[in-house]
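Fold and geometry: a report
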Amino acid sequence: MLATLLSAAALLAATPPVAPEPKIPPVASLDDGVWLKGDLHLHSRHSKDSSNNPEAKIIRFAETIGFDYIAITDHDNHVAGDIAHNTWSDPEFKSKSVILLYGAEWTTDRGHGNVFSAKPYDHQRLYDVRDARDAKILAVKKALGIHLSANHPSGKDHFGFSYDMVDSIEVWNSAIWSRNAAAMMIWDDMLRSGRKLTGRGGSDSHHGVPDTPAQAVPNSNQATANYVGTPTTWVFAKNRSAQAVVDALTNGRVSVSANPNDPRVELRADLDGDGKPDMMMGDNARATGKPVTFEVKLTGGAAKTTVYRVKVVRNGEDFGAYTTDPATGTAHFTDTPAQGVRSYYRVTVEGAQTPYPQIPNSMALSGTMIALSNPVFFNFDPNF
């Protein structure tokens with residue numbers, strides 16, 4: 001009897017406890033919100049490597065093309081971290097129609113990241129720990145209550161810190177789509193690891209159109225190829241406020257278009273088969289083991305007159321390719337996410353560019369890449 005008890009005790013000791021399934025919060029309303037468009041990576045005259053680009057010019061341009069929000073993210077090392085008394089205190093930092101996020105490009109020897117906030121914060125604290133260990137930086141980031149995003153992860157100034165520190169990743173930097181392929185791979189690797197990171201865009205534009213020929217510099221031609229809105233990041237925000245923009249960016253109800261005139265893509269999923277979507281990109285739900293019907297919907301641009309090619313990516317691998325119905329701007333596909341296993345689905349859209357007359361040379365740089373969605377998630381641990 002004693003031997004049997006000892007054997008049972010040894011077996012229990014050798015068997016690891018079964019971890020409870022993570023509690024996944026219910027999906028928020030799919031109707032209670034508004035789509036807002038903007039640019040999350042812009043440089044003004046407060047970045048020393050910009051030209052002919054005062055804040056007033058950037059904001060006036062954004063107002064003219066009907067943007068809802070922008071983030072002017074000047075290099076903090078150009079002002080020794082004092083963003084508050086440069087970019088934010090500039091008398092030109094104001095708009096009656098465009099929401100202005102508070103932010104900066106955190107520029108360090110280990111890479112670059114953008115900060116987004118609905119209100120002023122002590123950026124100097126973040127700048128001062130730029131050479132510290134990741135754990136200390138993360139503590140400061142949490143104390144400041146800011147959204148930190150990894151910039152151009154595959155570029156020469158790639159984000160060289162732990163991705164556990166960030167809330168989003170810049171998967172589409174500038175109008176030049178081809179150089180973002182590696183960034184997409186990094187994003188997929190992070191998603192497959194269990195990190196629920198929002199993919200976003202940012203033009204990273206530095207140069208404005210000179211007011212006179214005498215003000216032209218060698219980089220002035222960039223203003224006609226890469227400027228505000230190339231690409232454009234769309235967020236499904238609860239309301240038209242700075243906090244709602246940051247919250248949507250964090251939650252992942254986000255898609256990106258090559259320019260503001262191209263169609264916006266939305267990815268939704270019908271979990272229970274009743275013909276109505278139950279979740280959208282950025283949302284996370286527990287898989288039921290039953291087939292799920294996904295809808296890809298294009299809105300605006302030439303969505304309802306043009307056939308676009310939709311590529312579906314499941315867990316970092318190509319899943320299938322579909323074409324949109326030009327009468328409805330939609331495409332559908334079905335799959336069965338596995339129970340108890342992490343999985344995600346995202347889409348990219350290819351086709352003919354919608355003209356962007358204000359930045360006429362941007363369309364050629366973006367090629368046939370029109371838009372991308374954030375993923376719909378299944379069984380992701382919200383506490384990862």
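Definitions and limits used
- Residues numbered from 1 in each chain as written.
- Predicted model: local features only at pLDDT ≥ 70, side-chain atom pairs only at ≥ 80, totals over all residues.
- Heavy atoms only, no water.
- Helix = DSSP H or I, 4+ residues; strand = E, 2+ residues; numbered from the N terminus.
- Buried < 20%, exposed > 50% of the residue type's maximum accessible area, 1.4 Å probe, protein only.
- Salt bridge = Lys/Arg side-chain N within 4 Å of Asp/Glu carboxyl O.

1. Details of unusual backbone geometry
- Residues T230 and P231 are joined by a peptide bond in cis, for which omega reads 10°.
- On the secondary structure map, P231 appears in the loop between β7 (198-202) and β8 (232-237).
- Look at S174: it is not a glycine, yet its phi comes out positive at around 75°.
- Within the secondary structure layout, S174 lies in the loop between β6 (168-173) and α5 (181-192).
- Of note, N379 is a non-glycine position whose phi angle comes to about 65°, a positive value.
- Among the structural elements, N379 can be located in the segment after β19 (376-378).
- Here N379 falls in the buried class, since its relative accessible area comes to 11%.

2. Section: the pattern of salt bridges
- In this structure the tally under the stated criterion is 17 salt bridges.
- With its nearest N and O atoms 2.9 Å apart, the salt bridge here joins D164 to R195. With D164 in the loop between β5 (147-150) and β6 and R195 in the loop between α5 and β7, this pair connects stretches of sequence that are 31 residues apart.
- Put simply, R268 and E266 hold a salt bridge, and the shortest N to O gap is 3.4 Å. With respect to burial, R268 and E266 carry one shared label: buried.
- Salt bridges here are not isolated pairs; linked through shared partners, they connect R264, E266 and R268.

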